[in-house]
Amino acid sequence: MAAAKGYVLAIDQGTTSTRAIVFDKDMKIAGFAQEEFPQIFPKSGWVEHDPEDIWSSVLSTIRKAIKAAKIAAGEIAAIGITNQRETVVVWDRETGKPIHNAIVWQDRRSANDCEKLKARGLEKKFVSRTGLILDPYFSGTKLSWLLSNVKGARARAEKGELCFGTIDTFLIWRLTGAKSFVTDATNASRTLIYNIGENRWDKTLLDILKIPAVMLPEVKDCAADFGVTEEGLFGAEIPILGVAGDQQAAVIGQACFEPGMVKSTYGTGCFAVLNTGAKMVRSKNRLLTTIAYRLDGETIYALEGSIFIAGAAVQWLRDGLGVVEKASQTGELAAKADPQQEVYLVPAFTGLGAPHWDAESRGAMYGLTRNTGPAELAAAALEAVCFQTRDLLDAMHKDWRSASGEDTVLRVDGGMVASDWTMQRLADLIDAPVDRPTILETTALGAAWLAASRAGLWPDRKTFAKTWARERRFEPEMSAKTRKARLKGWKDAVRRTLSDS
Ligand SMILES: Nc1ncnc2c1ncn2[C@@H]1O[C@H](COP(=O)(O)OP(=O)(O)O)[C@@H](O)[C@H]1O
Ligand SMILES: O=P(O)(O)OC[C@H](O)CO
C-alpha cells in the first residue's frame, strides 16, 4: 500500500544558513535540520557564496530533516521553497555548472554602475517599472557585472548557453534535473528587470543593462507547479508547489494578509514589509514597492524597508570581535551596559539601506569613552537594529497613512527575536507594542503553506490566518524623554556616517 502523503517540506535557503523543515498535516514541525555555509568576502563590500556549498547544504538538510521526522520521502506531498532574495547565480545550461560564485544581495560591487545609470538620468525608469531603487542591492546590476566581467559570458548568454537565476531558480533547476527553469513573482520583483505593474520581464530595462532575455526563467504565481524532484535525490518524486522570496514568505507565515499589516524579520538583515493589498503604493520616503505575493493570478503589493545589517552585527560581535561566544549571549551582556553611556553603532558595514540608500558609507561608532566595554558594544549593536526599524516604520507610517488613512500592526520574527532584551528595546524605541508569535519559523511556514494549500492539504488563507498565535507582547516602557534623547543621538550618528556628510 502506498504511504499516505500527509507531510510538507519547506526549504528555507537563507544568507548564512539553510534550513529544511518537515511539517505534518496539523502544521506542526515533525523534522528540522539546519546548516551554516561559508561566507566569502573577496574585497571590501563584496560578498559571495559558492553555489555548490548552497546546493550541498540543501541536499543534506533535506535528507536530515526527513530522517528526523522518521518518514519516507514518499510521504511528502509537496515542497515549498523560500530563499535569500536578489542573490545572483549564472550557470551553464548544458552542464549546470555556475560560471562564477553567486553574488550575494549584500554585495556592493555594482555601486559605480548604479551611479553611472543615475548620471544618464535613468533612475526614474527603473523606479517606476520595478518599484525598486537604483542600488547595487538588487540583482540587475550584479547580473550585468557578471556578464561584463566573466570572460565571454555576455556572448554565451546571447547564444542561449547560460541561465540566470535567483537562488530559488537555481535550486529548482538542480532538484528537477534541469527540467524546470522557473521562478515566482516575488523573487522576480527583486531583480530590477521585472515590471511589477505588468507582471513581465521589462524589455527596456533589459536593453539598458544589456541582459539577454533568453537567459531568464519563466515567472509563475507563488503557488503553482514548479516541477518534480528527481527520484534519485531522495528516493521519491516530490512536486515543488510553492515558492516565495524569504521576506514575502514571512508575510504569509505571519498571516499578514490584510492591507495595513506589517511584519519585520530579524535575520542577517532586517526587512519590514507592509501589505498594501491589490493597490501599488508609491513611497515618498524612499521605501520599495514590491510584490507581496501572487496567488491565482492576483498580485498583492507591499511597501518594504530593507536594512542590510541586523543579526550580522551580532555575528560581528561574536566572530569579528570575540565579545561573545554565542549570539544568544548578546542580550544578557547588553543588559549590563551602563545606561549613562551614549554609545551608538551605525552598522553600515555594506552601506546603508532604506531610507538612506547610501552604498558608499561604512560603519562607525560614536560616544566611546575609557569606560566603554563589551556590554556597551553589545547594547549599541542590538539597539542599532531597533533604531533602524524605527526609521523604517516612520517612513512606512507616512506613506501608508497618506495612502489609506489607517494605522499599522507589527509582527516580528527571525533568529534575533529570540532576544527578549532586543524586543523590549524595540518596543521602547518604536513606542508601540511588538508581537512575537509562537511559531518563529514563519518564513518556512509561509513557504509550506503555499505548497500545502496548492496540494489541498492545509486550510485556506482565512482559516490559516486564524491559527496565528502570539507568544508574547512587548509593551513600551522607556520614558518619552529618554526615547527622544536616544533618537536624537541616533539621528546625529547616522548623519555623520552618511558618505556625503
Ligand atoms: N538570541 C539571539 N540574540 C541576538 N541575535 C541572535 C540570537 N539568535 C540568533 N541571532 C542572530 O540572528 C541571525 C540568524 O537569524 P536567521 O533568521 O537564521 O537568519 P538568516 O535567515 O538570515 O540566515 C544571526 O545573525 C544571529 O547572529
Ligand atoms: O537571509 P535573510 O533572512 O537575511 O534574508 C535576506 C533577504 O532576502 C535579502 O533581501
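Quick notes on the rules
- Residues numbered from 1 in each chain as written.
- Chains lettered and ligands numbered in written order.
- Predicted model: local features only at pLDDT ≥ 70, side-chain atom pairs only at ≥ 80, totals over all residues.
- Heavy atoms only, no water.
- Near = heavy atom within 4 Å.
- Polar contact = N/O pair within 3.5 Å; in protein donor to acceptor, adjacent residues only side chain to side chain.
- Areas by Shrake-Rupley, 256 points an atom, 1.4 Å probe, with all protein chains shown as cover.
- Nonpolar A, V, L, I, M, F, W, Y, C, P; charged D, E, K, R; others polar.
- Helix = DSSP H or I, 4+ residues; strand = E, 2+ residues; numbered from the N terminus.
- Contact = heavy atoms within 4.5 Å.
- Core = buried A, V, L, I, M, F, W, Y, C linked by side-chain atoms within 4.5 Å.
- Buried < 20%, exposed > 50% of the residue type's maximum accessible area, 1.4 Å probe, protein only.

Around ligand 2, the surrounding shell consists of Gly14, Thr15, Gln84, Arg85, Glu86, Trp105, Tyr137, Asp246, Gln247, Thr268, Gly269 and Phe271. A distance of 2.6 Å is found between an oxygen atom of ligand 2 and a side-chain nitrogen or oxygen belonging to Glu86. When ligand 2 is considered free in solution it has 310 Å² of accessible area, and contact with the protein chains removes 93% of it. For the shell around ligand 2, the class distribution of residues is three nonpolar, six polar and three charged.

Let us now look at the side chain of Ser57. Position of Ser57 among the secondary structure elements: in helix α1 (residues 51-68). A polar contact of 2.8 Å, which involves the side chain of Ser57, links it to the side chain of Thr18. Look past the residues within four positions of Ser57 in its chain and what remains in contact with it is Thr18, Glu35 and Phe37.

The subject of this paragraph is the nonpolar core. Phe126, Ile211, Met215 and Val434 are the most contacted members of the largest nonpolar core, which totals 108 residues. No other element matches helix α13 (residues 374-404), which puts 16 residues into this core. Discounting chain neighbours no more than four positions away, the residues touching Met215 are Val90, Arg93, Leu143, Leu147, Ala157, Leu162, Cys163, Phe164 and Phe181. In terms of nonpolar packing, the next biggest core, distinct from the first, is built from 39 residues, Leu9, Ala33, Val58 and Ile66 among them.

This part covers the site of ligand 1. Contacts to ligand 1 come from 18 residues, most closely from Thr16, Arg19, Thr268, Gly311 and Gly415. Between ligand 1 and Gly415, the relevant distance is 3.0 Å, taken from an oxygen atom to a main-chain nitrogen or oxygen of the residue. Isolated, ligand 1 exposes 580 Å² of accessible area, and the fraction of that covered by the protein chains is 85%. Among the secondary structure elements, those contributing two or more residues to the shell around ligand 1 are β2 (17-23) and α11 (311-320).

Just geometry here; none of it tells us what the structure is for.
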